[in-house]
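# A structural walkthrough
What follows is the residue order along each chain.
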Amino acid sequence: MTMYAALLRGINVSGHKRVPMAELRALLTELGHGDVRTHLQSGNAVFSSASDDENALAAELERAIEQRFGFPVPCLVRDGAYLAAVAAACPFPAAELEGKQLHITYYDRPVDAGRFARIDPAAYLPEAFGLGDRALYLYTPDGLGRSKLAEALSRSSVTKDTVATSRNWNTVARLVELTVPTETTHDGAPA
């Protein structure tokens, strides 16, 4: 079994696209997943599955959410190893920053640097960004809400044809923790 995180985009924001976490946990369990937990109210769930197809898991969850709640919700599903690798590759000193200062935007596919060619990094200093494996790292010393760079990075000319969802560093770190496989003894019980 592999541990995964489901990253739902745009739910429970200002009362729109309301998905109660208890119902999301029940839905994931009904889909046959184990070890289901949620983190915060903003669309983070972890679960175990025998499947090794993240895209199929995301598509299944999207269909189930639309059937249950009556509206579409883009979902990304990533395994714990990917989440840990992306966090470890962060080009910014995460341990020295507040969680609200550092974000990762996860993409549904690789994004090349050409998408960001029109963005002059020097114009947004001290804010900065870097690219990773289907991810963008964003440093915003004054937080995301005031970030001019975040606004530029979210323009449709940059994000076209992608599904993207962002998490602050506190959530990134917690999802890595929640998707670490638990060690078991020889009889299959947790160690």
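Structure shown above.
What you are looking at is a predicted structure, and each value in this text was computed from that prediction instead of being measured. Positions within a chain are numbered from 1, following the residues in the order the chain's sequence is written. In view of the model being predicted, local features appear only for residues whose pLDDT reaches at least 70, and side-chain atom pairs are presented and counted only at 80 or more, with totals across whole chains, interfaces and linings using the full set of residues. Hydrogen atoms and water are omitted, and side-chain values are computed over all heavy atoms in the structure.

### A look at the side chain of Arg134
Put simply, the test is: Strands are runs of DSSP state E lasting at least two residues, helices are runs of H or I lasting at least four, and both sets are numbered from the N terminus onward. Three exposure classes are used, based on accessible area relative to the maximum for each residue type with a 1.4 Å probe and protein chains only: buried under 20%, partly exposed in between, and exposed over 50%. Within 3.5 Å is the distance limit for a polar contact, defined as a pair of N or O atoms, with the added protein rule that one can donate a hydrogen and the other accept it, and that residues adjacent in sequence qualify only through two side-chain atoms. Pairs of residues are marked as contacts when any of their non-hydrogen atoms sit within 4.5 Å.
Structurally, the position occupied by Arg134 is in the loop between β6 (128-132) and β7 (135-139). Assessed through its relative accessible area of 18%, Arg134 is described here as buried. Of note is the side chain of Arg134, whose polar atom sits 3.4 Å from the side chain of Asp133. When near neighbours in sequence (up to four residues on either side) are disregarded, Arg134 contacts Glu54, Arg78, Tyr82, Thr105, Tyr106, Tyr107, Arg109 and Pro110.

### Overview of the nonpolar core
A general trend in soluble globular proteins is that nonpolar side chains are found buried together. Put simply, the test is: Among the buried residues, those of types Ala, Val, Leu, Ile, Met, Phe, Trp, Tyr and Cys that are joined through side-chain atoms within 4.5 Å form a nonpolar core.
Leu83, Val86, Ile104, Tyr106 and Trp169 are the most contacted members of the largest nonpolar core, which has 23 residues in total. Sorting the residues of this core by element identifies β1 (2-8), α3 (80-88), β5 (102-107), β7 and α6 (169-178) as the ones contributing at least two each. The greatest single-element share of this core, amounting to five residues, is contributed by α6. When residues no more than four places from it in sequence are discounted, the contact partners of Val86 are Ile104, Tyr106, Asp133, Ala135 and Tyr137. Residues Tyr4, Ile11, Ala58 and Ala64 belong to the second largest nonpolar core, which totals 22 residues.

### As for the pairing of β5
Heads up, the rule is: Each pair of strands is called paired provided DSSP finds at least two bridges between the two strands.
Of all six residues that make up β5, six are buried, and the element is covered over most of its length. On β5, burial covers both faces: Leu102, Ile104 and Tyr106 on one face and His103, Thr105 and Tyr107 on the other are all buried. Bridge analysis of β5 against β7 gives five bridges, and the strand direction is antiparallel. Bridged to Leu102 within β7 is Tyr139.

### As for the packing of α3 against α6
Basically, it comes down to this: For helices, the fitted axis covers only the stretch in contact; all axes are lines through C-alpha atoms, and the angles between them, taken along N-to-C directions, range from 0 to 180 degrees. Orientation is classified from the angle alone, with under 35 degrees giving roughly parallel, over 145 giving roughly antiparallel, 65 to 115 giving roughly perpendicular, and any other angle giving oblique. The handedness criterion is simple: a crossing whose near helix is rotated anticlockwise from the far helix by less than a right angle is left-handed, and one whose near helix is rotated clockwise is right-handed.
Where α3 meets α6, the closest approach of the two axes is 9 Å, and the angle between their N-to-C directions is 140°. For the element pair α3 / α6, the angle class is oblique. The way α3 lies across α6 gives a crossing that is left-handed. Along the contact surface, α3 presents Leu83, Ala84 and Ala87, while α6 presents Trp169, Val172, Leu175 and Val176.

### Some points on the sheet that holds β7
Strand order across the open sheet formed by four strands is β6-β7-β5-β8, with antiparallel pairing between neighbours. Taken across any chain shown, the strands that pair with only one partner, and hence form the sheet edges, are β6 and β8 (164-168). On average, each strand axis in the sheet is inclined to that of its neighbour by 20°, with strand direction left out of account. Here α3 sits on the sheet and contacts β5 and β7; the angle it forms with β5, its principal contact strand, is near 135°. In the packing of α6 onto the sheet, the strands contacted are β5 and β8, and the crossing angle to β8 comes to about 95°.

### Quick word on helix α1 (residues 21-30)
Note the threshold: By construction, the arc corresponds to the directions joining the helix axis to the C-beta atoms.
Of the positions making up α1, those classed as buried are Met21, Leu24, Leu27 and Leu28. Within α1, the buried residues cover an arc of 115° as seen down the axis, which keeps them to one side. Check the buried side of α1 and you find it contacts β1, β2 (34-39), β3 (44-49) and α2 (54-69). Gly32 lies just past α1 and shows a positive phi near 95°.

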